[in-house]
Structure formats: structure tokens, C-alpha cells
Amino acid sequence: MQRKTVAEIDLAALRHNVQCLDDGKSTLIAVVKANAYGHGMLRIAEELVQCGVKILAVAFIDEAHTLRNSGITQPILVLEGPLARAEFDWMVMHNCWPMLHSQEQLDWISPHRVFDVPLWFKVDTGMHRLGFSADEIMTFFAQPQYAKIKENMVLATHFACADNPEDPFSQQQIDAFRELHQNFGCPISISNSAGHIHELASGFGQSDYARVGITLYGCAPNNQAEVLSTRDLHPVMTLKAPIIAMREVAHSEGVGYGQTWTATRDSTIATVAIGYADGYPRHASNCGRVLVNGITCPIVGRVSMDMITIDVTDVPCNIGDQVVLWGESNRVEHIANAMGTINYECVTRVSERVPRNYLNPYCIDKKK
Ligand SMILES: Cc1ncc(COP(=O)(O)O)c(C=O)c1O
């Protein structure tokens, strides 16, 4: 018996999103860190590989281990790089591309060594989180014993404000990057999802390794669902939970912990089997919206560990009906906005106790 609280993962939507993001100009790197943004890393990685994605990216070596141990052989870019010399050695032996960003990591590169994998060098062009300054890069490569690395390297940077294409800071970052890059002429990686869909690197005159995460999953990088239609992207995850109880609550009675919501009319309240232990945000208390039989209903009272309560006074429904917390018809962006957070946080927090049900896998599609 499986719990009816479930995250449905539509693999056809994932494949569709890959197609829509693949503009033929840049090489897509599919970011599957953080359990593929909550969608289930292994199943998503397998599906991506089956539909032709050539490179994956994770944050840490542990995630790369998990992929390798499950038989994924594609190159894996490790975005936060190795945190110890042994990690660096493991990566270069296992077709994992280290994104280097600190002086200490440079010390792990033996002089005159030729690597089978490209070494990635992250440049800090203004994000000020990780990366080398242009001077540090130039100083490193001025050393003749590292000359060979230039033949198989990627220069990368990360946008700070790409979610707003009007923000001039992205152009400043590109300009700084270009100035350094002209000394190398090597492959580049600039764009995340926002940079990619807004084509911010298109003026660079060179193909970009685009590191796309959130848009693969049909979520908007700027937390505004409208932007998804520009590329016809569709949400991959639908989070659902059943109504497990219903009751009448009289005018002026309260609902839930702290009695933070009081009925302003005689109301019908449905209790739904999902709570913050499932990753449904507690901040949605008294402000979230869910869909019941296609009709929007407000969350009333506090989100508790395993349950929420919703006002279904005007909505025909019964115990057992599946409520949509977010998905195609109730976008996670709207919920995230209402709660003052972002869709990235909502999807990555769906907890392990919520089963992921994978729909429309590639092999079934192929048989059609
Ligand atoms: C260095 C780097 N590149 C790419 C990504 C993917 O970003 P997005 O999910 O916005 O596409 C991330 C995400 O955090 C990142 O840290």
C-alpha cells in the first residue's frame, strides 16, 4: 500500500523541456544536484541520458558518487569542485569535471600533468561567492609547467542577476569575463537557466555550455510562471495529497494550532494529508492556495507536521479526493510568491517520505 500523498513526476514533460531548451547553439548541461531539485536524482538522470543529454552537473562529490555507482557514465560537472586532494584525484579518474575556484585546489594539479577531463576554472565576475579573480587566473597560467592544461580547459562564471534580463549587472559580468577569456579562446560556460532562456551570452560569439537546472523541471528562474511560456516549458512535478476528513465549522469558530483562522461564515473544512514534514511549507499557513477538483481553495489555519486544513465551503468534494498542492494548473511559483520564497526552495524541500511516482517514461513512449 502506498501513501496517496505523492509527487508525480512527468517524465514526458522533462523530455519536452529538454527539447525546448536545446537551441542548437549551446551545449546543455543538466543540473541534477539536490536530488534533481527534489524530483529524484537517479531516475531523472537516467531519463535525461536516455533522451540524449550528454553532460550532467551536481554540487558535491557525494552526488557524483551516487550517479557513478548507479551506472551513469556521462561526464559529470561538479559545481562546487573538490574539497580535498583525494576528491580531485577521484574526479579526474572518473570522468567528473571539477569546477576549480580556489588557490588550494590549484595546488592539487601536478605540474606538467595532462588530464583526460577538462579542468573548469570558475571566474568571479561579481557574484562574489566562488571563483578566481582574473589576476589569479593569469598568474596561474603564466607558469609554463601548467601550459598543457590550456589545451583542455573551460572558463566559467555564474550570473548574479540573470533572472531579471533588464539588469545591467549581467552585461558587466559578461564584459569582465570576455576581457579575461580573450587571453585563452577556450570553451566557455556562462549561463544558468535564466541566462540561457534570456540568451544573455548570445553576443559572446562563442557557444556556451549552459548549466540549466530549474527550467528543466518546468519552473521559472525568476519565480514568475509567465516566463515559462516563452519556451513552452511545463512543470514536471505535481504534488498531490488526499482529503482525509471533512467537518462543518460554525461562524466564529477557529481552526488548527493557535486558532489562527476564524470562520467568518459557517464553513466546510477539509483536512488534507500533507504537512511540513513532507516539505509543504509552513509559511503557507493562512496564505497558500490548493486545487480541489479544479477549484482554488485557501489554506485556513496553520500548516502542521502532517496535515493542512482548507476551506471547501463552495467546492463539491469528498474524503479521498486528491488535492493539487502544486503542478501545471496550480503553479509552484504562485505559492512561493505568496509565501515570500522561491520555487527552487519549494521543490527541493519535498521530503523523502513523499513517494515519487514516475509517469510516461521514455521506453514506454518509444513503444508507441
Ligand atoms: C554554478 C551553478 N550553475 C548553474 C546552476 C543552475 O541554476 P538554475 O537552476 O537557475 O538553472 C547553479 C544552481 O545553483 C549553480 O550554482
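Position labels on residues start from 1 in each chain and follow its written sequence. Only residues with pLDDT of 70 or above have their local features reported here, since the model is predicted, and side-chain atom pairs are shown and tallied only from 80 upward, although totals for entire chains, interfaces and linings are computed over all residues.

To continue, consider the overall build of the protein. Helix and strand assignments follow DSSP, with helices taken as H or I runs no shorter than four residues and strands as E runs no shorter than two, numbered in order from the N terminus. If you tally the helices and strands in the protein, you get 12 helices and 18 strands. By principal-axis analysis of the C-alpha atoms, the protein measures approximately 80 × 45 × 40 Å. Exposure classification rests on a simple neighbour count of other C-beta atoms within 10 Å of a residue's own: a residue reaching 20 or more is buried, one at 12 or fewer is exposed, and one in between is partly exposed. C-beta atoms are placed from the backbone. Counting across all 368 residues of the protein, residues that qualify as buried make up 43%. The contacts of the protein with a sequence gap of at least 6 include a subset with a gap of at least 24, amounting to 63%. What counts as a contact is two residues whose backbone-derived C-beta atoms lie within 7 Å of each other.

Right, let's talk about the nonpolar core for a bit. As used throughout, a nonpolar core is a set of buried Ala, Val, Leu, Ile, Met, Phe, Trp, Tyr and Cys residues joined through C-beta atoms within 7 Å of each other. In this structure, A30, V32, A57, I76, V78 and I310 are the most contacted members of the largest nonpolar core, which totals 100 residues. Among the elements that take part in this core, strand β10 (residues 237–249) stands out by supplying 5 residues, more than any other. The split into domains, and so the bounds of each, comes from an automatic or database assignment of domains. No fewer than three residues from each of domain 1 (11–219) and domain 2 (237–359) sit in this core. Ignoring any residue separated from it by four or fewer positions in sequence, one finds A57 in contact with I29, A30, V31, V32, K33, I76, L77, L79 and R211.

By this definition, two strands are paired if DSSP reports at least two bridges between them. The parallel open sheet is built from 8 strands, whose spatial order is β8-β7-β6-β5-β4-β3-β2-β9. Strand pairing shows two members of the sheet lacking a second neighbour, β8 (188–189) and β9 (209–212), which therefore form its edges.

Turning next to the domain arrangement of the protein. One can read the domain layout of the protein as domain 1 (11–219) and domain 2 (237–359). A straight line from the C-alpha centre of domain 1 to that of domain 2 covers 37 Å. The element contributing the most residues to the side of domain 1 that touches domain 2 is helix α2 (residues 33–38), with 3 residues. Residues are grouped as follows: Ala, Val, Leu, Ile, Met, Phe, Trp, Tyr, Cys and Pro are nonpolar; Asp, Glu, Lys and Arg are charged; all remaining types, including Gly, are polar. When the residues that make up the side of domain 1 that touches domain 2 are grouped by side-chain class, the tally is 6 nonpolar, 3 polar and 1 charged.

What follows concerns helix α3 (residues 41–50). Taken as a whole, α3 has its buried residues at M41, I44, A45, E47 and L48. End-on view of α3: buried residues confined to an arc of 165°, all on one side of the axis. Throughout, the arc means the angular range of directions from the helix axis out to the C-beta atoms.

In this text, near has one meaning. A residue is near a molecule or strand if its C-beta atom, placed using the backbone, is within 6 Å of it. Taken together, V31, L79, H158, N192, S193, A194, R211, V212, G213, I214 and P221 make up all the residues around the ligand. Looking at the shell around the ligand, the elements that each hand over two or more residues are α9 (193–197) and β9. Tallied by class, the residues present in the shell around the ligand amount to 6 nonpolar, 4 polar and 1 charged.

Here we come to helix α8 (residues 169–181). Here α8 is 13 residues long and its end C-alpha atoms lie 18 Å apart, about the 18 Å a rise of 1.5 Å per residue gives. Residues S170, Q173, I174, F177 and H181 constitute the buried set of α8. End-on, the buried residues of α8 take up no more than an arc of 100°, which puts them together on one face. Exposed residues on α8 whose side chains face more than 90 degrees from its buried face are Q171, D175 and E179. Where α8 is buried, its residues meet β7 (153–156) and β8. Given a helix with a known number of residues, its expected span is that number minus one, times 1.5 Å.

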